[in-house]
Amino acid sequence: MAKVPIAPDFIVERDKDKCISCQVCCRMCSNDAHVYDRERDQVDTLSGRCVGCHFCENFCPTGALTVRQNPSQIRQNANWNQQMLTWVAKQAETGGVLLTGMGCDQPFPIYWDHILLNASQVTNPSIDPLREPMELRTYIGRKPDRLELAGGSDQGKGARLKNKLEKQLVLQTPILFSAMSYGSISLNACKSLAWAASEFGTFYNTGEGGLHRDLYPYGANTIVQVASGRFGVHMEYLKAGAAIEIKIGQGAKPGIGGHLPGEKVDEEVSRTRMIPVGTDALSPAPHHDIYSIEDLRQLIYALKEATRYEKPVGVKISAVHNVAPIATGVVRAGADFVTIDGLRGGTGAAPTVIRNNVGIPIELAIAAVDSRLRQEGIRNHASVIAAGGFRTSGDIIKAIALGADAVYIGTAALVALGCHLCQRCYTGKCNWGIATQDPFLTKRLNPTIGARRLVNLLRAWSLEIKEMMGGMGINAIESLRGNREALRGVGLSDTELKILGIKPAGEAW
Amino acid sequence: MMEGLMSEQMYIADKDYRVPSGCGVSGIMNEAGERFSGEAIMCSIALMRERSNGLGGGFAAYGIYPDLADYYAFHLMYETDEAKRQTDEYLRAYYTIMHDEPIPTRKIKVISQSPLLWRYFLKPREDVLAKNPRLSEQDLVVQTAMYISGKIKDALVASSGKNMGIFKGVGFPEDIGEFYRLEEYRGYIWTAHGRFPTNSVAWWGGAHPFGLLDWSVVHNGEISSYGINRRYLQNFNYSCSFFTDTEVITYLFDLLIRKHELPFEIVAKILAAPLWADIERMPEEEKEFYQSLRIVYGSALLNGPFGVIVANSQTMLGLNDRLKLRPLVAARWGDFIYIASEESAIRQICPQPDRVWMPRAGEPILGRMRRNNLAKDPLSQEATAEVFEAGREEEGL
Amino acid sequence: MKRIVIHEEYCMGCRLCEIHCLVQHSKSKQIIKAYKGEFPKPLPRVLVEEQGYLSFALQCRHCEDAPCLEACMTGSLHRDAETGAVICHEDKCVGCWMCIMVCPLGVIARRREGKKAASKCDLCAGEKIPVCVQHCPNEAITFEER
């Protein structure tokens, strides 16, 4: 057959009456979707090149541009929709694995939207967070089951602790920034995250991209990741962070390794990751020194030894069917915190078919892991950090009530930086200056603005969490953590309710 | 005997829901261990009649069984004879029953029906303990109480401590006191509770105080952190089968004081933890100590409004929530310490206390026994003549 | 005085500063009208210089020892006492273009519209913040006390 061009995903509409041919769109589109014709003094748009990032639409000074989903429709077919046809056509053309970016976009149930929160009425007073203290401070790390006192009278005066607690991470709000590597995102994006984390009193995570030398000063608010590729891992790196996270899996692509295309490996990325310029950075699917749980234990303790037991060491796993027992094993292997990344967890590059079909929703994973750790009596031994698709403070407070100690936000943070989820991170052409190393594009993200917007987001969500807690008559986040009585389910089956460990809406205590 | 009662009123059944309630509480302790009759506490709680609605009242009394002080006194409530038969059988498997009898009551107009009320004085069997070397006597008692209340249908353990007992039921507390003939008992700690549940279902087992071993808890408030407190306790094998805040508070005290061996003052700082902002202002060492308390025991923090009086054989403690959202007043008069929801309830029985104060949020009020030889030497206590501060002579048990 | 400061590392070369400057100095001050209804089109008084990925917006620096002030024979170029900005008094300007000749930065141009006169940045007299600063999407142009 003849080669058939693939129908464009988007149509860019230009209002000719409004367009002043100022060419801002032409200058800004990294995909060259807008072209200026000098002879006609007009701008033309090649919709086929549009990825739907909405940068031009946002910056057009006259509002002449609208980016829409291509309304062209194939014959209605419940099985074969446009998306499926496009995928098949692309693969027939290229013979390759389909790549994508960001988290799973398929219509699986979003349990957050089926869970409702409680509030106080009459029998206990709600608390006004504008007038009363409302505490969000969160500690991440291993906690003993009990404290033992030394000395002091039996009335507790002058009592001291027999042994010191292990090192904890202190968060001013139970929200951290997810692992996003330098390489997959720009240095300006990393700076935005680092500055915001240190200003607000929380943490960002280096991902598996090493730590750029400009970011060392923010080490106190950095979680350094050790992944299967070991990119940029060296003694100085381990010492620089406040905590270490061993990455086993990622929600967007459980069971497979990472892939940073060579296009994104420039001089600086190469130096930071300790790999040659322009080479693909492929991290292996497993850690080749971890083929079982006891190997994980060795790595955990190797890292603890290396950092003189001064830093919590956590392990990140993706939410898969067996997540609860795996998390239990991880805790027993000595992890101080377990990160669970759910089905909706983001990525800079993953095979579409894996992102869309592997893993389980984070809501169920949090509930299963928290319950299992409690059953085994080891919930205190490690903190649980949940990740994967938190969209609002409502999702976050529900995650905490289900049993998470804190949550990682990745996509939400990127959206605060401008991301419109066009899912083309892997191309390195991010117009917003986030998922790119192109110097024309990276300068578009001013980290001063980025950090300010991230801090604003954290502040806004923290305020909302406080409002919701106050409504429930709770003034410290630890009284909400794992407090599933604060939650009720709507439109869920008995099995789902059982796994979530919550009652259906309408059922009292 | 029991059949007629069952259908009309619920005594013990229907345990699996949680009833938020407002309430009145009162407690009196003589720190010298001198015993006095139950009349005072009845008088005090009766004054706060407005704080209850007739759907539950009860008392805890310490030092009331000096002759049987070495044995675990189990107060049981049975809805059926079958429940008693099963319970008796279960108890015999683990204990020697030194004495048992119905709990004496008197017929009064307002309390026409009651479950079968029985008390046992139990001694754990040596062979049982020998078989389970890791099981302490107290653990056995805890297990027994939880098993009976949770697993045996229509049976409920009201209290299970030595030389103490809990008397409770559906009615106004002063009526419950009269029903149980409490003026005939003499104790050195008395606590009382008048209940105002927001749910109309009233059952005898749901009344307060709640007891376990020699712990008793009376509580006014609603614990917003209930969900996590309960799950936290489940980690330590406490099964919360009553779904009440009071039960959770009781178990937390048992865990933190008996098992984790923390002093009352520290436990108060766990349950009503100081704010982070206050901790930040503390001197370095103290700061680290309080930080650690909150980090390790965050799930034990009681959040939401409460005023609670907790007692065991040596101590009576009053505690408010960390914002003081519920009332609690304390007073001292000689060896006596009083705690109540309202000052009037104290003045009613002690018109001229040496000192009356309003404890601050999270600041515990502690009454401690000065002599702890009471259990060992009951006769010498028996011989001591006691005069209630209002000048009334008490009648012996 | 408050000056326009350039942060070239964050200039994305969109030229929105030029567009808004043009509109601000148009008759209508409405963007579509200014572009489509005014002839000749007014000139922006800021220009984005580009080479490779380096770009920055350049406009009059309002120099402390401004050579244009020295060179102006009619005294039409003068320093505003209040803001310290170098301003061109259009009525006095005779269009001798000496200022254009001496300006080391090349930020003075000939007006395309109206009277023959020099066209240069006036810090958007009347606006609290110059429009190029207001509309820079990446804060690559700021207005600071220097």
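Please refer to the structure higher up on the page.
Here we summarise the structure given alongside this text. Owing to the predicted nature of the structure, the values given are computational and were not obtained by experimental measurement. (Residues numbered from 1 in each chain as written. Chains lettered and ligands numbered in written order. Predicted model: local features only at pLDDT ≥ 70, side-chain atom pairs only at ≥ 80, totals over all residues. Heavy atoms only, no water.)

### Considerations on the overall build of chain A
Turning to step 1, where the next piece is worked out: Each helix and strand in chain A was counted, giving 15 helices and 23 strands.
Turning to step 2, where the next piece is worked out: Compactness check: chain A gives a C-alpha radius of gyration of 24 Å against a globular reference of 23 Å for 509 residues, within 12% of the reference.
Turning to step 3, where the next piece is worked out: Principal-axis analysis of the C-alpha atoms gives chain A an extent of 90 × 55 × 45 Å.
Turning to step 4, where the next piece is worked out: For chain A, long-range pairs separated by at least 24 residues make up 69% of all intrachain contacts whose partners lie at least 6 apart in sequence.
Turning to step 5, where the next piece is worked out: In the structure as shown, chain A presents an accessible area of about 20900 Å², 52% of it carried by carbon and sulfur atoms.
Turning to step 6, where the next piece is worked out: Of the side chains in chain A, 56 bear a positive and 50 a negative charge, and the two mean positions are spaced by 2 Å. (Helix = DSSP H or I, 4+ residues; strand = E, 2+ residues; numbered from the N terminus. Rg over C-alpha atoms; globule rule 2.2 N^0.38 Å. Contact = heavy atoms within 4.5 Å. Areas by Shrake-Rupley, 256 points an atom, 1.4 Å probe, with all protein chains shown as cover. Lys, Arg positive; Asp, Glu negative; His and termini not counted. Charge placed at Lys NZ, Arg CZ, Asp CG, Glu CD.)

### What to know about the environment of L117(B)
Residues and elements named next belong to chain B.
Turning to step 1, where the next piece is worked out: Within the secondary structure layout, L117 lies in strand 6 (residues 116-124).
Turning to step 2, where the next piece is worked out: Residue classification places L117 among the buried residues on the basis of a relative accessible area of 6%.
Turning to step 3, where the next piece is worked out: For the pair L117 and P104, spaced 13 residues apart in the sequence, the C-alpha separation amounts to 8.3 Å.
Turning to step 4, where the next piece is worked out: Excluding anything up to four places from it in sequence, L117 contacts L76, M77, P102, I103, T105, F179, Y180 and W204. (Buried < 20%, exposed > 50% of the residue type's maximum accessible area, 1.4 Å probe, protein only.)

### Some points on the pairing of strand 8 (residues 164-169) of chain B
Turning to step 1, where the next piece is worked out: Across the six residues of strand 8 of chain B, six count as buried, placing the element largely inside the fold.
Turning to step 2, where the next piece is worked out: The side-chain alternation of strand 8 of chain B yields two buried faces, one formed by M164(B), I166(B) and K168(B) and the other by G165(B), F167(B) and G169(B).

### Structural notes on the sheet that holds strand 13 (residues 222-226) of chain A
Residue and element names in this part refer to chain A.
Turning to step 1, where the next piece is worked out: The parallel open sheet is built from eight strands, whose spatial order is 11-21-20-18-17-14-13-12. Every interior strand has two partners, whereas the edge strands, strand 11 (175-177) and strand 12 (204-205), have only one.
Turning to step 2, where the next piece is worked out: One ladder, built from two bridges, connects strand 12 with strand 13; its direction is parallel. Its bridge partner being in strand 13, N205 is matched across the sheet by I223.
Turning to step 3, where the next piece is worked out: Packed onto the sheet, helix 10 (residues 362-375) meets strand 18 (337-341) and strand 20 (383-387) and runs at close to 170° relative to strand 20. (Pairing = 2+ DSSP bridges. Axes fitted to C-alpha atoms, helices over the stretch in contact; angles between N-to-C directions.)

### Thoughts on the nonpolar core
Turning to step 1, where the next piece is worked out: The biggest cluster of nonpolar side chains holds 123 residues, and the ones touching the most others in it are F177(A), I409(A) and I434(A).
Turning to step 2, where the next piece is worked out: Apart from the residues lying within four places of it in its own chain, the contact partners of F177(A) are L193(A), A196(A), A197(A), F203(A), Y204(A), N205(A), Y408(A), I409(A), A413(A), L454(A) and L458(A).
Turning to step 3, where the next piece is worked out: By size, the runner-up hydrophobic cluster in this structure holds 116 residues, among which are L161(A), I41(B), I223(B) and Y238(B). (Core = buried A, V, L, I, M, F, W, Y, C linked by side-chain atoms within 4.5 Å.)

### Some points on the side chain of T173(A)
All names here are of chain A.
Turning to step 1, where the next piece is worked out: The residue T173 is located in the loop between strand 10 (169-171) and strand 11 in this model.
Turning to step 2, where the next piece is worked out: Judged by its relative accessible area of 0%, T173 is buried.
Turning to step 3, where the next piece is worked out: Looking at T173, its side chain comes within polar contact range of the side chain of S462, at 2.8 Å.
Turning to step 4, where the next piece is worked out: Apart from the residues lying within four places of it in its own chain, the contact partners of T173 are L136, F200, T202 and S462. (Polar contact = N/O pair within 3.5 Å; in protein donor to acceptor, adjacent residues only side chain to side chain.)

### Overview of the layout of surface pockets
All names here are of chain A.
Turning to step 1, where the next piece is worked out: Empty space within the largest pocket amounts to approximately 1000 Å³.
Turning to step 2, where the next piece is worked out: Lining the largest pocket are 32 residues, with D9, Q83, W87, K90 and R424 sitting closest to its centre.
Turning to step 3, where the next piece is worked out: Sorting the residues of the lining of the largest pocket by element identifies helix 3 (82-94), strand 5 (99-100) and helix 9 (352-357) as the ones contributing at least two each.
Turning to step 4, where the next piece is worked out: The element that contributes the greatest number of residues to the lining of the largest pocket is helix 3, accounting for eight residues.
Turning to step 5, where the next piece is worked out: Across the lining of the largest pocket, the residue classes tally to 13 nonpolar, 13 polar and six charged.
Turning to step 6, where the next piece is worked out: Three or more residues apiece are contributed to the lining of the largest pocket by two domains, here domain 1 (8-72) and domain 2 (138-146 + 163-504). (1 Å grid on protein atoms, 1.4 Å probe; cavity = no way out; pocket = protein on both sides within 12 Å on 5 of 7 lines; lining within 4 Å. Points joined across faces, edges and corners; volume = space filled by probe spheres on them. Nonpolar A, V, L, I, M, F, W, Y, C, P; charged D, E, K, R; others polar. Domains from an automatic or database assignment.)

### Topic: the pattern of salt bridges
Pairing is possible between side chains that carry opposite charge, provided their charged atoms lie close to one another.
Turning to step 1, where the next piece is worked out: For the structure on display, the rule yields 61 salt bridges over all chains.
Turning to step 2, where the next piece is worked out: Residues E478(A) and R294(B) are paired through a salt bridge, measuring 2.8 Å at the closest nitrogen-oxygen approach. On the criterion of chain membership, the pair formed by E478(A) in the loop between helix 14 (447-471) and strand 22 (487-489) and R294(B) in helix 11 (residues 284-297) is interchain, its members lying in two chains.
Turning to step 3, where the next piece is worked out: By relative accessible area, E478(A) is classed as buried at 8%.
Turning to step 4, where the next piece is worked out: Note that D139(B) is salt-bridged to R258(B), the shortest N-O span being 3.3 Å. Taken together, the residues span a long stretch of sequence, with D139(B) in helix 5 (residues 137-151) and R258(B) in helix 8 (residues 245-259) at a distance of 119 residues.
Turning to step 5, where the next piece is worked out: Judged by relative accessible area, R258(B) falls into the buried class, the value being 19%. (Salt bridge = Lys/Arg side-chain N within 4 Å of Asp/Glu carboxyl O.)

Nothing here speaks to function; it is all geometry.
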